[in-house]
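Residues per chain are reported as follows:
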Amino acid sequence: MTEVFGHIKIQDLNDFFKNMNERESAGVFFCRINGYTQEIGRFIRTYYAAAVKCGVIIQGRLRNPDEKNLAYYHEIMGPAFQLNTAFIVAALRKWLPRMNDYQRENVALSLYDALFLLQKEGKTEHMIKNAYIKCMCWLYYRFERIVSQLGENHVPKILYEGTVSRYELMILAILSNAGCDVVLLQYDGDSGYLKLDGLSQHSTEFKMPGMQAFPTDFSLKQIQEEIQTEANRERLYGQRPEKMSCTNAWIEGNGLADIETDVSKRGEDSKFYYNSFIRISGAEDKTTYANELYQFYLRMKNKERQMVIVSESLGRPAMEEIAAIHRNHYTKPDQLIMDLSSNIRYTANIQLQRMMVRAFIDVLLMETDARGQELNLNRLTNQAVCVLCWLSRYQSRLFAGYKEPQISCFIYLGGCRDENEALFLRLLARLPVDVLILCPKGEGTCCLQDPLLYEIHYTQTLHMHTFPQEQTDVVIGTAAYHAERELDTLMYRDSGIYREKQYETAHTVILQTMYEEISILWKEEVKYRPSFSTIEDEVHIPVIFAKVSGVRDGLVPQYWRSVKELITEDTFVIKSAPFIEPGASNPMRAYAAEFYKNGRLAKDKVKSHASYPYGFLREEIQDYILDKLKLLIDQKAIRGTFENGTEYTIIATVLNLPKEIVRLIQKFDFTKTNPKLIYINTGEQMISLEDSILAAFLNRVGFDVVFFVPTGYQNVEKHFNRKVMEEHQIGEYVYDLHVPNLENALFKTRMSWRDKLFKRGK
């Protein structure tokens, strides 16, 4: 076959992208690729993009001309056919008028040569004419966009996926000879092609070291989707900022010293701002750790570096912050990201605003890709809203009076507690901000992961709740003090031995017991009860929450004795119902509504209120009470919660506990004997809503709670949404009982060692 444009043997894949005048000779490439490497993958992607701009992509076979195609051809061209170049040139002038004479002659010559080979093979004139018409239709319907570019300096491209048929190879060879580059992607190897062109006269096989079979999921459709996704994502960014981040590439691995490095000494390329993203786990020397941080803080302050310091928690966004974020319902991640990014505003510096938008989009896209098929758009929306709230909260402090090449500093003591905090810090690390995460408790206390993060690990650990910003904040433990803490860890961690008030928070688990087991477990330390456990810094306390109905064998004296035997010095006894009268005076009732808004208990507002009654308690006890109050509301255990304002009654009741009960909570050591509530109801009076709230709250605090109801009446359960306590039917129902004097029960039931030995307790 005559080659108008000679075929050049490929040496380097990048040669495909050279213009005709840049090639060693005025020729084209026609090659077959039968294997895969990463370099080939990158080439195919680039070649695909080039073919989209100037070329043709064939995914699957070229379809044969259909009846409509053939009818149109015969209408325009008629039935005539002659196997000579003059006839073909004239036909092309009429059929493809956009081609110039030079292109037309080249295509005509190539087409004639291909048809002449069919004639030499013995094909009939009718078969040759059919092949001619097929090629003419393909030129018009599939390749019309490139025939007018054949032979130009910018060489058009054809990318074919699959194994070609004979006539497909013929049309590809015609176009190649006329001035077009062609690449065949043969996922099933070369055997099918070699049956058509055993001597590789039309094309050459491309080979390079390390080639393997194509990945099973590789296809041009996949590349098309990836390119489309990238194009869509590029539109998300809008106008890009002028500068890019250069994170950690310049640091020497010295931690605090790197962050103190003057910005002017970090790098010289004006296209970048140079920041750091560092997490330090543990402490190099825990005896000097706090002072080192304080001195670091002073040096940064003297350099007038903008700093934001957060200890232990960013704090959930307030309802006002969340309400300020404009959002909609989303069906696609890109739609979500584009819409939410419009909330980022920083009019003081438009370049900073663009940096923030870019960083927000970057981290949201990474989160989207990481989730893959498990992506939940509602969850991603909530994450993005949290990040935007925190960005709005801190941006003015980080970038006040921002001027290039200023780098501010964000210090987070304690580590990220959840993925929302981690996402926010990842965003900050892509802005002109040094991000320092301090985890003095050691590894595993921060959930953040990011390829940009530089980590420093030390073996010593210590507890620190506040970053020292004042001299009075610096608390330095002696070597002996830290040695004692280490001994504590060895003795009291997972050993079954517990230090006084070792734990600050607990969760309760209700025990299902036999009635006879109540008296056995009642005075036992909770650590010896079934299902007791300590996980991390929390205790799981098994508690009794029961109702005892009836009187065993109708023996009233023995009944009251059994009640007396349960009374300890840590037992609060209620002898008649109701204990708290409905509508009784409660100074906290007037403030309950302002403490609970939009489904959230404002703990800080409660604690700072002038009428708050528990401010004298230890801070951890105050937090414990308020946490259990929130839990009681959230669980909707009390009937009417979130229906008729019962949540406000719950708040008022818990914030107005009797002094004796508050003292029992303050005294409670979560690993030892727990406090008790005994509620006796011998009459027909229903217990009040407030009494039910009190019992349910104390159960969640860790009290054992037992109701004694000799009448068996169902008066305890009225205010609970579901069955929450075990009921023990111990005997016949007895009515109109008078509760005896139980005030001295504690002393009457205490036995001397002789009484215990000879079982003579009264």
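Residues numbered from 1 in each chain as written. Predicted model: local features only at pLDDT ≥ 70, side-chain atom pairs only at ≥ 80, totals over all residues. Heavy atoms only, no water.

### A few points about the overall build of the protein chain
As a reminder, the rule being used: In this text, helices come from DSSP runs of H or I with a minimum length of four residues, and strands from runs of E with a minimum of two, each type numbered from the N-terminal end. The atom set for the radius of gyration is the C-alpha atoms, and the globule formula is 2.2 Å times the number of residues raised to the power 0.38. Three exposure classes are used, based on accessible area relative to the maximum for each residue type with a 1.4 Å probe and protein chains only: buried under 20%, partly exposed in between, and exposed over 50%. Contacts: residue pairs with any heavy atoms within 4.5 Å of one another. Residue-level accessible areas treat just the shown protein chains as cover; the underlying method is Shrake-Rupley with a 1.4 Å probe. Charge convention: Lys and Arg are scored as positive, Asp and Glu as negative, and His as well as the terminal groups of each chain are ignored. In plain terms, the charge of a residue is placed at NZ if it is Lys, CZ if Arg, CG if Asp and CD if Glu.
Tallying secondary structure elements over the protein chain gives 27 helices and 24 strands in all. Rg of the C-alpha trace for the protein chain: 41 Å, well past the compact-globule value of 27 Å for 762 residues, more than 25% over. Overall, the C-alpha framework of the protein chain stretches about 130 × 70 × 50 Å when taken along its three principal axes. Relative to its 762 residues, the protein chain shows a buried fraction of 48%. Sequence separation of at least 24 residues holds for 79% of the intrachain contacts in the protein chain that already meet a minimum separation of 6. On the protein chain, roughly 37700 Å² of surface is accessible, and the fraction owed to carbon and sulfur atoms is 49%. Of the charged side chains in the protein chain, 92 are positive and 98 negative; the average position of the first set lies 2 Å away from that of the second.

### Comments concerning the pattern of salt bridges
Which entries qualify depends on this criterion: Every case where a carboxyl oxygen of Asp or Glu lies within 4 Å of a side-chain nitrogen of Lys or Arg is listed as a salt bridge.
Going through the model one piece at a time under the given rule, you end up with 39 salt bridges. In this structure, Lys547 and Glu717 form a salt bridge, with 2.9 Å as the shortest nitrogen-oxygen distance. Taken as a pair, Lys547 in strand S18 (residues 545-549) and Glu717 in the loop between strand S23 (704-709) and strand S24 (726-729) lie far apart in primary sequence, 170 residues in all. Classification of Lys547 as buried rests on a relative accessible area of 1%. Linked through salt bridges whose partners overlap, the residues forming this network are Glu367, Arg371, Arg379, Glu419, Arg426, Arg430 and Asp450.

### Side note on the confidence of the model for the protein chain
Applicable threshold: Think of pLDDT as the predictor's per-residue confidence, scored from 0 to 100.
Across the protein chain, the average pLDDT comes to 89, with 93% of residues at 70 or higher. Across residues 745-762 the pLDDT falls below 50, and counting only partners more than four positions away or on other chains, this stretch makes 19 contacts in the model.

### Comments concerning the sheet that holds strand S22 (residues 676-680)
Keep this limit in mind: Paired strands, in this sense, are two strands between which DSSP finds at least two bridges. Axes here mean lines fitted to C-alpha atoms, for a helix over just the part in contact, with angles spanning 0 to 180 degrees between N-to-C directions.
Strand order in the open sheet formed by five strands is S19-S22-S23-S18-S24, with parallel pairing between adjacent strands. The open sheet has two free edges, formed respectively by strand S19 (571-574) and S24, since each of these has just one partner strand. Neighbour-to-neighbour, the strand axes of this sheet turn through a mean angle of 15°, independent of strand direction. Looking at chain direction, S18 and S24 are connected through four bridges and run parallel. Within the sheet, the bridge partner assigned to Ser549 lies in S24 and is Gln729. Each of S18, S19, S22 and S23 is contacted by helix H25 (residues 689-701), which is oriented at about 140° to S23, the strand it contacts most.

### Structural notes on the packing of aromatic side chains
Under the convention used in this document: For this analysis, a ring pair means two rings from Phe, Tyr or Trp (six-membered ring only for Trp) whose centres lie within 6.5 Å, classed as stacked if their planes differ by under 30 degrees, edge-to-face if by over 60, and tilted for the remaining angles. Working rule: Lys NZ or Arg CZ, within 6 Å of ring centre, within 35 degrees of ring normal, means a charge sits over the ring.
All told, the structure shown has 38 aromatic pairs when counted by the stated rule. Taking 5.5 Å as the distance between ring centres and 40° as the angle between the ring planes, the aromatic pair formed by Phe43 and Tyr47 counts as tilted. You can see Phe43 and its partner Tyr47 sitting in helix H1 (residues 38-53), four residues apart, about one turn around the helix. Grouping aromatic residues by their ring pairs yields a cluster made of Phe16, Phe17, Phe29, Phe43 and Tyr47. Seen from the ring of Trp522, Lys676 lies directly overhead, with NZ or CZ sitting 5.0 Å from the centre.

### A closer look at the pairing of strand S4 (residues 55-59)
Most of S4 is tucked away: four of the five residues are buried. Taken together, the five bridges between S4 and strand S5 (residues 157-161) define a ladder with parallel strand orientation. Residue pairing for S5: Ile58 is matched across the bridge by Tyr160.

### Here's the deal with the sheet that holds strand S7 (residues 204-206)
As a general point, the strands of a sheet are linked pairwise by backbone hydrogen bonds and lie either parallel or antiparallel. Across the sheet, which stays open at both edges, the five strands sit in the order S4-S5-S6-S3-S7 with parallel pairing between neighbours. Every interior strand has two partners, whereas the edge strands, S4 and S7, have only one. The sheet shows a mean angle of 20° between the axes of neighbouring strands, direction not considered. Of the pairings in the sheet, the one linking strand S3 (residues 30-33) to strand S6 (residues 181-185) comprises four bridges and is parallel in character. Note that in S6 the partner of Ile33 across the bridge is Leu185. H1 rests against S3, S4, S5, S6 and S7 of the sheet, and its axis sits at about 120° to S4.

### Focus on H25
Operational definition: To estimate how far a helix should extend, the number of its residues minus one is multiplied by 1.5 Å.
For H25, built from 13 residues, the straight-helix expectation of 18 Å at 1.5 Å per residue is met to within 8% by its first-to-last C-alpha distance of 18 Å. Here H25 lies mainly inside the structure; 13 of its 13 residues are buried. Following H25 by one or two positions, Gly702 adopts a phi angle in the positive range, close to 130°.

### Overview of the packing of helix H15 (residues 377-398) against helix H16 (residues 419-428)
Quick reminder of the rule: Each angle is binned into one of four classes, with values under 35 degrees roughly parallel, values over 145 roughly antiparallel, values of 65 to 115 roughly perpendicular, and all other values oblique. If you view the pair so one helix is near and one far, a crossing is left-handed when the near helix is turned anticlockwise from the far one by less than a right angle, and right-handed when it is turned clockwise. Gly falls in the polar group here, along with every residue not listed as nonpolar (Ala, Val, Leu, Ile, Met, Phe, Trp, Tyr, Cys, Pro) or charged (Asp, Glu, Lys, Arg).
For the pair H15 and H16, interaxial distance at closest approach is 9 Å and the crossing angle is 50°. With respect to their mutual orientation, H15 and H16 come out oblique. The two elements H15 and H16 meet at a crossing, and its hand is right-handed. On H16, the residues that touch Arg379, Gln383, Cys386, Val387, Trp390, Leu391, Tyr394 and Leu398 of H15 are Glu419, Asn420, Glu421, Leu423, Phe424, Leu427 and Leu428. For the contact of H15 with H16, the per-class residue count stands at 10 nonpolar, two polar and three charged.

### Re the state of the cysteines
Counted only if it meets this: For the purposes of this analysis, a disulfide is any pair of cysteine sulfur atoms at a distance within 2.5 Å.
By the definition in use, this model includes zero disulfides. This cysteine, Cys31, is not joined by any disulfide, and Cys180 carries the nearest cysteine sulfur, 12 Å off. Left without a disulfide partner, Cys180 is nearest to the cysteine sulfur of Cys54, which lies 8.1 Å away.

### Concerning the nonpolar core
For the record, the criterion: Nonpolar cores are built from buried Ala, Val, Leu, Ile, Met, Phe, Trp, Tyr and Cys residues. Side-chain atoms within 4.5 Å join them into one set.
Among the nonpolar cores identified, the biggest contains 60 residues, and Ile651, Leu655, Ile665, Phe697, Leu698, Phe703 and Phe707 are the most heavily contacted of them. Among the elements that make up this core, the one with the highest residue count is H25 (eight residues). Formed by 58 residues, the second largest nonpolar core is a distinct cluster that contains Val363, Cys389, Leu428 and Val435.

### Things to note about the environment of Glu404
Our working definition: In protein, a polar contact means a hydrogen-donor-capable atom and an acceptor-capable atom, both N or O and within 3.5 Å, with residues adjacent in sequence counting only if both atoms are side-chain atoms; elsewhere, any N or O pair within 3.5 Å suffices.
Relative to the assigned elements, Glu404 resides in the loop between H15 and strand S12 (408-413). You can call Glu404 partly exposed: its relative accessible area is 44%. Between the alpha carbons of Glu404 and Val263 there is a distance of 9.8 Å; along the sequence they are 141 residues apart. At 3.2 Å, the side chain of Glu404 forms a polar contact with the side chain of Lys243.

### Details of unusual backbone geometry
In this structure, the amide linkage connecting Glu404 to the following residue, Pro405, adopts the cis form with an omega of 0°. Considering the arrangement of structural elements, one finds Pro405 in the loop between H15 and S12. Here the amide bond leading from Ala577 into Pro578 is cis, since omega sits at -5°, within 30 degrees of zero. For Pro578, the position within the fold is in the loop between S19 and helix H20 (592-595). Located in the positive-phi region is Asn598, a residue other than glycine, with phi close to 55°.

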